[in-house]
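Next come the chains, spelled out residue by residue.
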Amino acid sequence: MTERKTPDLPTLRNQLASKLDPNHHRSRSQAESMMSLLAQIREQEAELRQGGGEKAIDAQHRKKRLTARERVSLLLDQGTEFFELSLFAAFGMYEEWGGAPAAGVVTGLGRVSGRLCMIVANDATVKAGAFFPMTAKKVLRAQHIAMENRIPTLYLVDSAGIFLPLQEDVFPDQDDFGRIFRNNAVMSAMGIPQITAIMGMCVAGGAYLPVMTDQVLMTEGSGLFLAGPALVQAAIGQKYSAEELGGATMHAEISGTVDFKEPNDHLCIARLRSLVGRLGHPGRAPFDRAAYNAEDDAPRHAGEDLYALLDPNPAKAAVNAYDMREVIARLVDRSEFDEYRPGYGRTLLCGYARIGGYSVGIVANQKVPQPQTSHSGEKRVEFGGVIYAESADKAARFILDCNQNLVPLIFLHDVNGFMVGRDAEWSGIIRSGAKMVTAVANSVVPKISVIVGGSFGAGNYAMCGKAYDPRFIFAWPTARYAVMSGDSAANTLVEIRIRQLERDGRKLSDEEKQELFASTKATYDEQTDCRYAAARLWVDAIIDPAKTREALMLALEAAALNPDVPKFNPGILQT
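This text gives an overview of the structure that appears in the document. Residue positions are counted from 1 within each chain, in the order its sequence is given. Reporting in this predicted model follows two pLDDT cut-offs: at least 70 for local features of residues, and 80 or more for side-chain atom pairs to be given and counted; totals over whole chains, interfaces and linings ignore these cut-offs and use all residues. Note that the side-chain values use all heavy atoms of the structure and ignore hydrogens as well as water.

**Details of the overall build of the chain**
Here's step 1: Of the regular secondary structure elements, the chain holds 20 helices and 20 strands.
Here's step 2: Its C-alpha atoms give the chain principal-axis dimensions of about 100 × 85 × 50 Å.
Here's step 3: Note on contacts: a residue pair is in contact if any heavy atoms of the two residues lie within 4.5 Å. Taking the contacts inside the chain whose residues are at least 6 apart along the sequence as the reference set, 75% of them involve residues at least 24 apart.
Here's step 4: What sets the accessible areas is the Shrake-Rupley method with a 1.4 Å probe; for residues, cover comes only from the shown protein chains. When the accessible surface of the chain is summed, it comes to about 26,700 Å², and 52% of that surface belongs to carbon and sulfur atoms.
Here's step 5: When the 63 positive and 69 negative side-chain charges of the chain are each reduced to one mean point, those points stand 4 Å apart. Only DSSP runs of H or I covering at least 4 residues are called helices, and only runs of E covering at least 2 are called strands; the numbering of each starts at the N terminus. Note on charges: Lys and Arg go in the positive column, Asp and Glu in the negative column, and His and the chain ends are not counted at all. Charge positions come from single atoms, namely NZ of Lys, CZ of Arg, CG of Asp or CD of Glu.

Structure representation (C-alpha cells):
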C-alpha cells in the first residue's frame, strides 16, 4: 500500500512587523514624557492607597483591626497580585468634607484559593467607611462587573453606613445605596457566589448587605444592627451595649444571623479563604481558547516600547501620528494578526488575533493618514483617527461576524469622531455611523475597551464607550475623554462668549481674547484628563501601557466565567 504524503502547507504571513525605533530622538522624548506622567499618576495612586492617612490607620490598629488593604493582601493567594478597579473614584471630589480617597472603598479582582474573585472592602480609615455618593456607585460598578462575568464576590464590611450630610445623593435613586442590596438579591438568583466577612461596624441600611449574601462571617468586637445603641436609646428609650444589641456572640447564638463567628481578622480571613476553596465550578463560556504558553506565545515586540509610541501632549500627539498596528503587535499572541479587509475603510483596523490564548476580534482607530479611492474613482487621503463611511461599514460587518462566531471584541480608542462635510454627508456617514453604533449596541459577546488616546464625540459611542456596556473599560495615562478635543472646544466656547459680550456692547481686545481662550482651554483640558474620567467611574482603571496585555488577559479570563451568551439579534441596520 502506497503511503499518502501530506502536502506541505504554505506559511501564513500574519505576524506584525514593527517600525518603531525606541532609540529615535522623538521616541526617546515621548518615552520620557510618558514616564514622567506615569510617575505622577503612581505617586497619586500611592497617596490614595493611604486612605484616611497615618492617624486613621493607627486608630484602626488600636481597635485590633486590619485596614482594608491589609485585609485584601491577607485574603489573596500568595504570590498573586490584586488588580484594583476604580482607585481614582472621587478623586478631587468632596473636598469640602476633607475628601474621600478612593471613595472610601477598595474594589478589584484577585485570586483567592485559586479562584478569580471580585473583592469589595470598606476602608474604615476614610470617614469610618461611610458611603459617599461615589462610594455607592463604585460598589455598584464592582457588582455590575461581577454580574456580567459571573465572578464570585467577597465583601469585607467595616462601615458606618451612609455619610449623612450627603444622604440625599446616596439614598433614594436607582443607582444609589439601595441598589447594592437589590443587586445582592439578583446575584444570588443568578447563582453568583457571595460571601461577607463583617470585621467592624455594619450599621443601618448597610446591615442588609451581609445578610443578603450566601454566607456571613463576623469577628468578635464587630457590630451588626439596624440602629446603634445611641439611636435605639433616642428612638425608644432603651439602653443597651453594642455587644448586647448586635455583637458577634448575639448573632451567632441568639439571632442566628451569622454563620461563622471568628476571634479576629486573621482567622476570619482564613475561614473565608477556606469557604471560597470549596465553591463549585459552573460551566465555562463557549469562547475559543487555544493551548497557551506564556513564554512561547508572548508578543514578538516589547510592551515597554509603547512608552515611546505617542506623545502625552495632545497638541504634539495630533501632529505625530502613529500606526495602531504597533500597539496591536505588542498585545496579541506571537504578534499575529489576521487583518480584515485591510485595503478598505483604512482609518479603522479590524482583525482576528489571540490574547492569552483567547480568540478575539479587534477594532482599532488608525492614526496614520490613509489613502482611499472613492466610489467615483477619486483618490483622497483620509485623516487618521477619523471614522469615514467605509470604515464604519467595515467595522459594523466585522462586529456582526464576531457575534455570529462567538468571538469577544477588543476596542482600541484613539478617535476624533466621524468625518464631517459635504462629501461625508453625501457618502452616507450618518447611515454608516448608525449601522456601526447599532452593531456595537446589540453585540452579545464580551466587549472590552482600552482608551489609548482621544475618545471624542460620537466616536466614543461607536468604539464602545461606557454607555455601550463594555465588560471592562481601561485607560492609558494619555487618554482624553470629551465631546470634542480641547482646542476645538475652547475655540467654540470662546467664540460664543465673545458674541455674548458683543451683544452687551463690550468689545474684547486681542489680549483679553487670548486670556479667555487660555482659561477656557485649561478648564476643558482638566475635564478631559483620564483622572477626571476615572474619578467619575467613566473608566475602570488607569493602566500602564506596558501592562495592557496583562489587563486584557485578566478581563478575558473574567469574561469566560459567564457561560451564557444571549441570542444575537442585530436589529434593523441602516443599509
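Don't stop here, the text continues.
**Some thoughts on the pattern of salt bridges**
Here's step 1: Salt bridges are defined as contacts in which a side-chain nitrogen from Lys or Arg sits within 4 Å of a carboxyl oxygen from Asp or Glu. By the definition in use, this model includes 27 salt bridges.
Here's step 2: Between Asp564 and Arg150 there is a salt bridge, and its shortest N-O distance comes to 3.3 Å. In this pair, Asp564 is assigned in the segment after helix H20 (548–559) and Arg150 in the loop between helix H4 (133–149) and strand E4 (153–159), connecting sequence segments 414 residues apart.
Here's step 3: Burial here depends on accessible area, computed with a 1.4 Å probe over protein chains only, as a share of the maximum for the residue type. Under 20% is buried, over 50% is exposed, and the range in between is partly exposed. Owing to a relative accessible area of 48%, Asp564 belongs among the partly exposed residues under this scheme.
Here's step 4: Linking Glu382 and Arg380 is a salt bridge whose minimum nitrogen-to-oxygen distance equals 2.7 Å.

**A word on the packing of aromatic side chains**
Here's step 1: Put simply, two rings from Phe, Tyr or Trp (the six-membered ring, in Trp's case) pair if the centres are within 6.5 Å, and we call them stacked under 30 degrees between planes, edge-to-face over 60, tilted for the rest. Taken as a whole and judged by the stated rule, the model has 13 aromatic pairs.
Here's step 2: Here the aromatic rings of Tyr461 and Tyr468 are separated by 5.9 Å at their centres, their planes lie at 35 degrees, and the arrangement is tilted.
Here's step 3: In this structure Tyr461 comes out as partly exposed when scored by relative accessible area, which is 41%.
Here's step 4: When the centroid spacing of 6.0 Å and the interplanar angle of 55 degrees are considered together, the rings of Tyr481 and Trp538 count as tilted. Highlighted residues: Tyr481 in strand E19 (residues 480–482) and Trp538 in the loop between helix H19 (530–535) and strand E20 (541–542), separated in sequence by 57 residues.
Here's step 5: In this structure Tyr481 comes out as buried when scored by relative accessible area, which is 12%.
Here's step 6: Take Trp538: its relative accessible area is 33%, and that puts it in the partly exposed class.
Here's step 7: Every member of this aromatic cluster is reached through a ring pair, and the members are Tyr94, Trp97, Phe132 and Phe163.
Here's step 8: A ring is scored as having a charge over it whenever the NZ atom of a lysine or the CZ atom of an arginine sits within 6 Å of its centre and within 35 degrees of its normal. Its guanidinium or amino end placed over the ring of Trp426, Arg422 lies 4.6 Å from that ring's centre, counting from NZ or CZ.
Here's step 9: The ring of Tyr532 carries Arg536 above its face, with NZ or CZ at 3.5 Å from the centroid.

**Focus: H4**
Here's step 1: Helix span, expected: 1.5 Å multiplied by one less than the number of residues in the helix. Taking 1.5 Å of rise per residue, 17 residues should cover 24 Å, and H4 covers 25 Å from first to last C-alpha, within 8% of that figure.
Here's step 2: Buried residues dominate H4, accounting for 15 of its 17 residues.
Here's step 3: Directly after H4, the chain includes Arg150, whose backbone phi takes a positive value near 55 degrees.

**A look at the packing of helix H3 (residues 68–75) against helix H10 (residues 265–276)**
How two helices sit against one another is set out by the angle between their axes and by the gap between those axes.
Here's step 1: Look at H3 against H10: their axes get within 10 Å of each other, and the N-to-C directions meet at 45 degrees. If you check the angle between H3 and H10, you find them oblique. Crossing angle aside, the handedness with which H3 passes H10 is right-handed. Contacts between H3 and H10 pair Arg71, Leu74 and Leu75 from the former with Asp265, His266, Ile269, Leu272 and Arg273 from the latter. Under this scheme, a helix contributes an axis fitted over its contacting stretch, all axes are lines through C-alpha atoms, and angles between N-to-C directions fall in the 0 to 180 degree range. With respect to orientation, any angle under 35 degrees is reported as roughly parallel, any angle over 145 as roughly antiparallel, any angle of 65 to 115 as roughly perpendicular, and every other angle as oblique. In a left-handed crossing the near helix is turned counterclockwise from the far helix by less than a right angle, and in a right-handed crossing that turn is clockwise.

**A few points about H3**
Here's step 1: Buried residues of H3: Ala68, Arg69, Arg71, Val72 and Leu75, and no others. Mapping the buried residues of H3 onto a view down its axis gives an arc of 155 degrees, with all of them on the same face. Note that the arc is computed from the directions linking the helix axis to the C-beta atoms.

**Overview of unusual backbone geometry**
Here's step 1: You will see that Lys127, though not glycine, has its phi angle at about 50 degrees, which is positive.
Here's step 2: You can see Lys127 is positioned in the loop between strand E3 (115–122) and H4.
Here's step 3: Of note in the backbone geometry, Arg150 takes a positive phi value of approximately 55 degrees without being a glycine.
Here's step 4: Judged by relative accessible area, Arg150 falls into the partly exposed class, the value being 22%.

**Some thoughts on a nonpolar patch on the surface**
Here's step 1: Excluding any residue in a salt bridge, patches collect residues exceeding 30% relative accessible area, merging like charges within 9 Å and nonpolar Val, Leu, Ile, Met, Phe, Trp and Tyr side chains within 5 Å. Side chains of Tyr208, Met212 and Leu226 sit close together on the surface and give an oily, nonpolar patch of about 290 Å² of accessible area.
Here's step 2: One can find Leu226 in the loop between strand E7 (223–225) and helix H7 (229–236).
Here's step 3: The exposure class of Leu226 is exposed, given its relative accessible area of 53%.

**A look at the pairing of strand E13 (residues 379–382)**
Here's step 1: As judged from the four bridges shared by strand E12 (residues 370–373) and E13, these two strands associate in the antiparallel manner. Bridge assignment links Thr373 to a residue of E13, and that residue is Lys379.
Here's step 2: DSSP calls a pair of strands paired once it identifies at least 2 bridges connecting them. Where E12 folds back on E13, the antiparallel hairpin that results is connected by five residues, among which Gly377 adopts a positive phi of roughly 90 degrees.

**Considerations on the packing of helix H13 (residues 389–404) against helix H15 (residues 429–441)**
Here's step 1: Two elements in contact, H13 and H15, have axes separated by 8 Å at closest approach and are oriented at 25 degrees. Put simply, H13 runs roughly parallel to H15. Seen along the crossing, H13 lies across H15 with a hand that is left-handed. Note on element contacts: H15 touches H13 through Ile429, Ser432, Gly433, Lys435, Met436, Ala439 and Val440, opposite Ala389, Ala392, Asp393, Ala395, Ala396, Ile399 and Leu400.
Here's step 2: Under this grouping Gly is polar, as are all residues other than the nonpolar Ala, Val, Leu, Ile, Met, Phe, Trp, Tyr, Cys and Pro and the charged Asp, Glu, Lys and Arg. Looking at the contact of H13 with H15 residue by residue, the classes come out as 10 nonpolar, two polar and two charged.

**Some remarks on the side chain of Asp414**
Here's step 1: For Asp414, the position within the fold is in strand E15 (residues 409–415).
Here's step 2: Overall, the relative accessible area of 4% leaves Asp414 in the buried class.
Here's step 3: Here Tyr322 takes part through its side chain, which lies 2.7 Å from a polar atom of the side chain of Asp414.
Here's step 4: Counting of polar contacts relies on pairs of N or O atoms within 3.5 Å, with two restrictions inside protein: one atom must be capable of donating a hydrogen and the other of accepting it, and residues adjacent in sequence are counted only when both atoms are side-chain atoms. Of the polar contacts made by the side chain of Asp414, one reaches the backbone nitrogen of Gly454; its length is 2.9 Å.
Here's step 5: Contact partners of Asp414, with chain neighbours within four places excluded, come to Leu310, Tyr322, Met324, Asn365, Lys367, Gly385, Gly453 and Gly454.

**Observations regarding the pairing of strand E2 (residues 105–112)**
Here's step 1: For E2, a buried count of seven out of eight residues is recorded, marking the element as mostly surrounded by other parts of the structure.
Here's step 2: The pairing of E2 with E3 spans eight bridges and is antiparallel. The residue bridging Gly108 from the neighbouring strand is Ile119, located in E3.

**Looking at the nonpolar core**
Side chains of nonpolar character tend, in soluble globular proteins, to be buried together.
Here's step 1: Remark: nonpolar core denotes a set of buried residues (Ala, Val, Leu, Ile, Met, Phe, Trp, Tyr, Cys) joined through side-chain atoms within 4.5 Å. Ile362, Val363 and Leu412 are the most contacted members of the largest nonpolar core, which totals 103 residues.
Here's step 2: Sorting elements by how many residues they give to this core places H13 first, with eight residues.
Here's step 3: Ignoring anything within four residues of it in the chain, the contact list for Val363 reads Leu348, Leu349, Cys350, Ala395, Phe398, Ile399, Leu409, Ile410, Phe411, Leu412, Met436 and Met463.
Here's step 4: Core analysis: the second largest hydrophobic core is formed by 21 residues, Leu76, Leu154, Ile195 and Leu279 among them.

Honestly, it's all geometry; don't read function into it.
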